[in-house]
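Chain by chain, the residues:
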Amino acid sequence: MTSAERKEAISAFMFLSPFLIWMVFLMGGPILAAFFLSFCKWDIFNPIQFVGFDNYKEMFFNDPRFWKALYNTAYFTFLSVPIGMALSIVVALLMNQKVKGIAIFRTIYYLPSILGSGVAMAVLWKWIFNADSGLLNYMLNVFTGIPISECPKWLASEAWSKPALVIMSFWNVGGGMIIYLAGLQGIPSTLYEAAEIDGANRWQQLWTVTLPGLSPVIFFQLIVSIVGSFQIFNQVYVMTDGLGGPADSTLVMVLYIYQKFKYFQMGYSSALAFVLFIVIMLATWLQFRFAKWVYYEGELRK
Amino acid sequence: MTDTTIPSPTAAPNGFWASKRRTENVTRWTVFVVLVVGSITMLLPVVWMLITSFKTRADVFAVPPPNSTFFQTLKFWIPIPPHPENYPQAWTVSGMYSGDSWSFFGIPVQGITFTTYTLNTLFIAVCGCLGTTLSSSLVAFAFARLRFPGRGPLFLLCLATMMVPTQVTMIPTFILFRNMPAFLGGPWYNNFFPLVVPAFLGGGAYNIFLMRQFFMSIPYEMDEAAKIDGCTNFGVFWRILLPLCKPALTTVAVFSFLWNWNDFLNPLIYLDSNSKKTLALGLTNFVSLYGQDYQLLMAASLVISLPIIVMFLAGQRYFIQGIATTGLK
Amino acid sequence: MKNLRRVLAGVACLAVILGLGLYGCSKNSGTVIHISSWGTPEENQILSDLIADYNKAHSGITVQLDRIPFNEYVTKLLTQVAGGEAPDVIFVEANNFAPLFLRGALEPLNSYIQTDHVDLSGYYPQVVDRFTVDGQTYVIPRDTAPIGLIFYNKKAFDEAGVPYPTDDWDWATFVADGKKLVKADASGKVTRWGFIDEWPNPDAWVCDAGGTYTDSVKHPTKWTYATDPNTLKGIQFRSDLMNKYKFMMTPAGLTAMGGMGTSDMFVNGQVAMYLSGLWPTPRFRQQIKDFKWDIVMMPKNPSGGRAFPTGGSGYGILKFSQHKKEAWDVVKFISGEEGEKRLAATGLAQPALMADVNSPVFLDGKDPQNKKVVIEAMKYVQYFPICKNWFEVHDSIIGPELDKVWSGTETAAEAMEHLKPLLANKPPETN
């Protein structure tokens, strides 16, 4: 290591110091503790009991709900992430306009995210998705002519409850929109001018300038969306009163973890959490592995 | 807060749709129509909450009589006469128990209302927002711009913290915070330390990652030029990169403020005294085992969101204040 | 950049000012006793008032009430206990008593009761018995809540030409009445249902049918749920109400109200009969304007028997408390007559003290006119088994399977067949 390199490394660790404190003590400690607990039985009230791999064995060989939860979570992720990503990019592109009242539009699109997913929203969603008198089936009936009695039963049906959750998640495009909007500002206008001189039409500009320029942000959004939807909890919790019904069709991993926690099974819920962790980690690692499509203007050269 | 520093108000926002073509008008109208249709969908929750907040408890779930005409139905959904008194009631009813008191600047105040909750929430959200924005950009700068051994693995480790569900780290974290030594302000329980301090220590993997991506999309030549001019690493960070990343900074600020404003789980676990509770906790006063006052819940929810909506409306222009307007060639 | 700095400085100033203003309000001296509870604002107000009285009379002790939303009660309690911040006195519900007691979380109260000569004979013996295992009492009851009351809309009965139900009616009458009470508009859309329960409550019908859950309530060793023919009868009956007789709203319709607003359907006249406990009374009194209503016990099963699952709550002391003696003193005070009387006056709950139920404060002559039936209903209370995994088995094994029965894709008998191996795999945990 040359002295310049050493100086840079020292400076880096100064910048990192708040994070390192957090990582080692405030976050690292509890994560390690939880990892240790996954090999134990603990009901909070009585002493911790070390049980080795029992929790993991139980999970993989004797717990159909675990597989069900894993399946439901993957289902939700694979359906909601691509559509949600595409939607929020489109919305961001539209919002990057000089249209009158764009400020208001931006605010409106972000409103559902501001209001969050509390009880107030849950009441509304249940009304929208109601099979007999809900707004969604009413609209379906008006636009497609399908009689209401043959429309999906959404939250009351095992087959349609997950798609209903996916549809719900689209109201949160506002968050993604903001990030893309911020990303769009980082694309130098000179690139568009150059493209125009080369005779590129708008469509070509989108593919050759906008999307490559946005790729670091798209990559970010892809990773965090997948991490986030693998951990979907709030919406399901308020919509199903924490049960994940009907017939476990919306039982997702974190909801299951939470249920086990509420049933006083700290060890088992930690074990579930670490299996979920491995799954998410794997998904993230794969994306980094195949991240050649991401173009960084200011990538650090080794 | 006028933007005297922004040189060219005529500069069009750059981007896909913004290229200067004469066919613009048609596109603009299409865009406008699409936006309006989308807006109606997005407004649905708010409008419904607004309507509900002006109803009486009994009317919240009432349905129109059979065979009503369209207008009869419409009239039925709209609360006539409206009940604006739900708002002051929501503001005072929750948490108003005799015997409760709190103090502001040492002056004791009788009775706890949403005013108490608002001040508490404001403090937590402001600190959280400030801490997150500052510390996450510092850390992200190191990951994006500085070479040091173990950078890759450390960054992956940072991302990994996002992937452990909070439900399982909650109890170990609580035990840790509860046993924080006195010289660090411990125990971190029934005070704002556990809610505020972590924000100053990196602000979470999400924000660090976000800032890193933005730093990495800024050409490296900028740093080199500044360094030749004698800038230190901190100088590069503070004078060059931060100003260029204003949209990203604003994004982080908005997200962290909103997150702290709406956070329910952490205040629930760490705050005990009624005088220290936050708005999100206060909302649960309308929800109980046996039923809820939806109209008050809606009124309170809307009022609580109002400051954020206004802030966002006023601040959204910072999202489009990018490199173009700060003069990168 | 100037701008950004100005904003930052302004925000930082705001934080500092607020921080200074809010800092340092806690200055409790002496012993602090923490009570955790949930409940409606009215209930909390009663408790708050009692505590204020108590604090005034006792200078060395400060009692602090922590109100926790019901859904988050367990989360908060577990965290507090794990972190050594456990409250001293907790509000215990008849069903979450079992998991807490079996984990040794509750302080046995017999020695306190004997030392202070507290007389529990004034309380409903069934309720005291629920909180007593092997002769040791763990909770001083506050209220009881048999979930076997049917609220009915008299106007709907009049319209349908059906005589009002009486307390000795049976399932056959119930079905016959229910079918007549359904009203539909020209398009066949139902505008008034015959019956709905407050939440999906098959337990009410299981108990009413004489069904059981385990071989013993106090010391269960195996589940009898899937093998007891009476349990099956109860499940099938509830399913028939929806899928065969079609006068009970199905789950598909129910999500309209979020499954939480079913009481609003009763208030709005959209359902003629409503199964619940006594607690909706104050709300119904306040909100029902255009019809008369009353309560009646759930109908008897075809063999003439009946039983009601029962809620209710009381106060217990956590074994982790550092101040058990003081905590006991507080429990004695808040569970005493004064609190019971105020609770009776709200109409919200049936006090556990029998004298307060038989008093004019409780039987106040207001609607429901038949309120005294709750005294009779106490004869039929039934409690869920005392085992650690009750909630888990009930909510995450039985519940999801029964969902298929309600939607009509499975019969009760089929569901029971599926449940047999699942339940055998998870025997009741009692130690």
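None of these values were measured; they are calculated from a predicted model.

A. Up close: the overall build of chain C. If you tally the helices and strands in chain C, you get 19 helices and 14 strands. For chain C, the C-alpha radius of gyration of 24 Å lies close to 22 Å, the compact-globule estimate for 431 residues. Viewed in the frame of its principal axes, chain C has a C-alpha envelope of about 70 × 65 × 50 Å. The proportion of buried residues among the 431 residues of chain C is 51%.

B. Just the overall build of chain B, in detail. Helix and strand counts for chain B stand at 15 helices and 4 strands. Looking at the 329 residues of chain B, the share that counts as buried comes to 50%. Excluding contacts between residues fewer than 6 apart, the proportion of contacts in chain B whose partners are at least 24 apart in sequence is 72%.

C. Focus on the interface of chain A and chain B. Taken together, the contacts link 86 residues of chain A with 88 residues of chain B. Broken down by element, the residue count for the side of chain A that touches chain B peaks at 20 residues, all from helix α1 (residues 3–37) of chain A. Grouping the amino acids of the side of chain A that touches chain B by side-chain chemistry returns 61 nonpolar, 17 polar and 8 charged.

D. Representation of the environment of A271(A) in the model. Residue and element names in this part refer to chain A. Following the sequence through the fold, A271 ends up in helix α13 (residues 266–289). A residue is classified by how many C-beta atoms lie within 10 Å of it, and A271, with 30 of them, is buried. As a C-alpha pair, A271 and D54 span 217 residues in sequence and 9.7 Å in three-dimensional space. Apart from the residues within four sequence positions on either side, A271 is in contact with S38, N55, Y56 and M59.

E. Region of the structure containing the domain arrangement of chain C. Residue and element names in this part refer to chain C. Taken domain by domain, chain C consists of domain 1 (31–145 + 310–368) and domain 2 (149–309 + 383–424). When each unit is reduced to the centre of its C-alpha atoms, the spacing between domain 1 and domain 2 is 29 Å. Of all the secondary structure elements, the ones that give two or more residues to the side of domain 1 that touches domain 2 are α4 (97–102) and β12 (308–317). Ranked by the residues each element gives to the side of domain 1 that touches domain 2, the list is headed by α4, at 3 residues. Class assignment of the residues belonging to the side of domain 1 that touches domain 2 gives a composition of 9 nonpolar, 6 polar and 3 charged.

F. Structural context of the pairing of β12(C). Residues and elements named next belong to chain C. Here β12 lies mainly inside the structure; 9 of its 10 residues are buried. Pairing of β12 with strand β14 (residues 381–382), which is carried by 2 bridges, proceeds in the parallel orientation. From the neighbouring strand, P309 faces β14, where its bridge partner is Q382.

G. View of the sheet that holds strand β8 (residues 183–184) of chain C. All names here are of chain C. In space, the 5 strands of this open sheet follow the order β8-β9-β10-β7-β11, with mixed pairing throughout. Of all the strands in the sheet, the pair left with one neighbour each is β8 and β11 (293–297). Strand direction decides the pairing type here: strand β7 (residues 149–153) and strand β10 (residues 271–276), joined by 4 bridges, are antiparallel. From the neighbouring strand, L149 faces β10, where its bridge partner is S276.

H. Quick look at the nonpolar core. With 295 residues, the main nonpolar core has F215(B) and I150(C) as its most contacted residues. With 17 residues, helix α4 (residues 114–145) of chain B is the largest single contributor of residues to this core. Not counting residues within four places of it along the chain, the set of residues in contact with F215(B) comprises G298(A), A140(B), F141(B), A144(B), R145(B), L241(B) and C245(B). Of all hydrophobic cores here, the second largest spans 5 residues; its members include Y124(C), V127(C), A352(C) and L353(C).

I. Structural context of unusual backbone geometry. With omega at -5°, the peptide bond leading from D367(C) into P368(C) counts as cis. Summarising the element assignment, P368(C) is placed in the loop between α16 (354–357) and α17 (373–377). The phi dihedral of N190(B) is positive, around 55°, even though this residue is not glycine. Positionally, N190(B) belongs in the loop between α6 (166–178) and α7 (193–200). Taking the C-beta count within 10 Å as the criterion, N190(B) has 17 such neighbours and is therefore assigned partly exposed. The backbone of D134(C) shows a phi angle near 50°, a positive value even though the residue is not glycine. Within the secondary structure, D134(C) is located in the loop between β4 (132–133) and β5 (136–137).

J. Focus on the pairing of strand β2 (residues 61–67) of chain C. All names here are of chain C. The pairing of strand β1 (residues 31–37) with β2 spans 7 bridges and is classified as parallel. Residue H34 lies in a different strand from β2, and its bridge partner there is Q64. Considered for its hand, the β-α-β crossover made up of β1, helix α2 (residues 41–57) and β2 is right-handed.

K. A look at the environment of L124(A). Within the fold, L124(A) resides in helix α5 (residues 119–128). In this structure, the C-alpha to C-alpha distance between L124(A) and G134(A), residues 10 residues apart in sequence, is 9.9 Å. Setting aside residues no more than four positions away along its own chain, L124(A) makes contact with P45(B) and W48(B).

L. A look at helix α10 (residues 229–243) of chain C. All names here are of chain C. Taking 1.5 Å of rise per residue, 15 residues should cover 21 Å, and α10 covers 20 Å from first to last C-alpha, within 8% of that figure. Among the 15 residues of α10, 11 are classified as buried, and the element is accordingly described as predominantly covered. Of all the positions in α10, only T231, L232, K233, G234, I235, Q236, F237, R238, S239, L241 and M242 are classed as buried.

M. Main features of the environment of D356(C). All names here are of chain C. Structurally, D356 can be placed in helix α16. Overall, D356 belongs to the buried group, with 21 C-beta atoms counted inside 10 Å. As a C-alpha pair, D356 and A344 span 12 residues in sequence and 6.8 Å in three-dimensional space. In this view, D356 contacts E340, K341, A344, P351, V361 and F362; residues no more than four positions away in its chain are not counted.

N. Representation of α6(B). Taking 1.5 Å of rise per residue, the 13 residues of α6(B) would be expected to cover 18 Å, and the 17 Å separating its terminal C-alpha atoms lies within 8% of that figure. Its axis deflected by about 25° at P172(B), α6(B) carries its strongest bend there. When you tally the buried positions in α6(B), you get 11 out of 13 residues, the bulk of the element. Every buried residue of α6(B) is listed here: Q167(B), V168(B), T169(B), M170(B), I171(B), P172(B), T173(B), F174(B), L176(B), F177(B) and R178(B). At its buried positions, α6(B) is contacted by α1, α12 (253–262) and α13 of chain A, α7 and α12 (265–270) of chain B together with α3 (73–82) of chain C.

O. Molecular detail of the packing of helix α18 (residues 390–406) of chain C against helix α19 (residues 412–424) of chain C. All names here are of chain C. At a minimum axis separation of 9 Å, α18 and α19 run at an interaxial angle of 155°. Accordingly, the angle class assigned to the pair α18 and α19 is roughly antiparallel. Judged by the twist between their axes, the crossing of α18 over α19 is right-handed. Between α18, through V393, I397, I398, E401, L402, K404 and V405, and α19, the contact on the second element is made entirely by A412, A415, H418, L419, L422 and L423.

P. Structural detail: the confidence of the model for chain B. All names here are of chain B. Model confidence for chain B is summarised by a mean pLDDT of 79, while 79% of its residues fall at 70 or above. Mean pLDDT across the elements of chain B bottoms out in helix α15 (residues 323–326) (42) and peaks in helix α8 (residues 205–216) (92). Counting interchain partners and residues more than four positions distant, the pLDDT-below-50 stretch residues 1–19 has 39 contacts. For residues 322–329, every residue scores under 50 in pLDDT, and the model assigns this stretch 20 contacts once sequence neighbours within four places are set aside.

Q. Quick peek at the packing of α13(A) against α6(B). Interhelical geometry of α13(A) versus α6(B) gives an angle of 130° and a closest axis separation of 9 Å. Comparing the axis directions of α13(A) and α6(B) gives the class oblique. Handedness of the crossing formed by α13(A) with α6(B): left-handed. In this structure, α13(A) uses M266(A), S269(A), S270(A) and A273(A) to contact α6(B), whose residues at the interface are Q167(B), V168(B) and I171(B).

So, how was this worked out
Residues numbered from 1 in each chain as written. Chains lettered and ligands numbered in written order. Predicted model: local features only at pLDDT ≥ 70, side-chain atom pairs only at ≥ 80, totals over all residues. Helix = DSSP H or I, 4+ residues; strand = E, 2+ residues; numbered from the N terminus. Rg over C-alpha atoms; globule rule 2.2 N^0.38 Å. Buried ≥ 20, exposed ≤ 12 C-beta atoms within 10 Å, placed from the backbone. Contact = placed C-beta atoms within 7 Å. Nonpolar A, V, L, I, M, F, W, Y, C, P; charged D, E, K, R; others polar. Domains from an automatic or database assignment. Pairing = 2+ DSSP bridges. Core = buried A, V, L, I, M, F, W, Y, C linked by C-beta atoms within 7 Å. Right-handed = clockwise from strand over helix to strand, strands pointing away. Expected span 1.5 Å × (residues − 1). Bend = angle between axes of the 7 residues up to and from the residue. Axes fitted to C-alpha atoms, helices over the stretch in contact; angles between N-to-C directions. Parallel < 35°, antiparallel > 145°, perpendicular 65-115°, else oblique. Left-handed = near helix turned anticlockwise from the far one by under 90°. pLDDT = per-residue confidence, 0-100.

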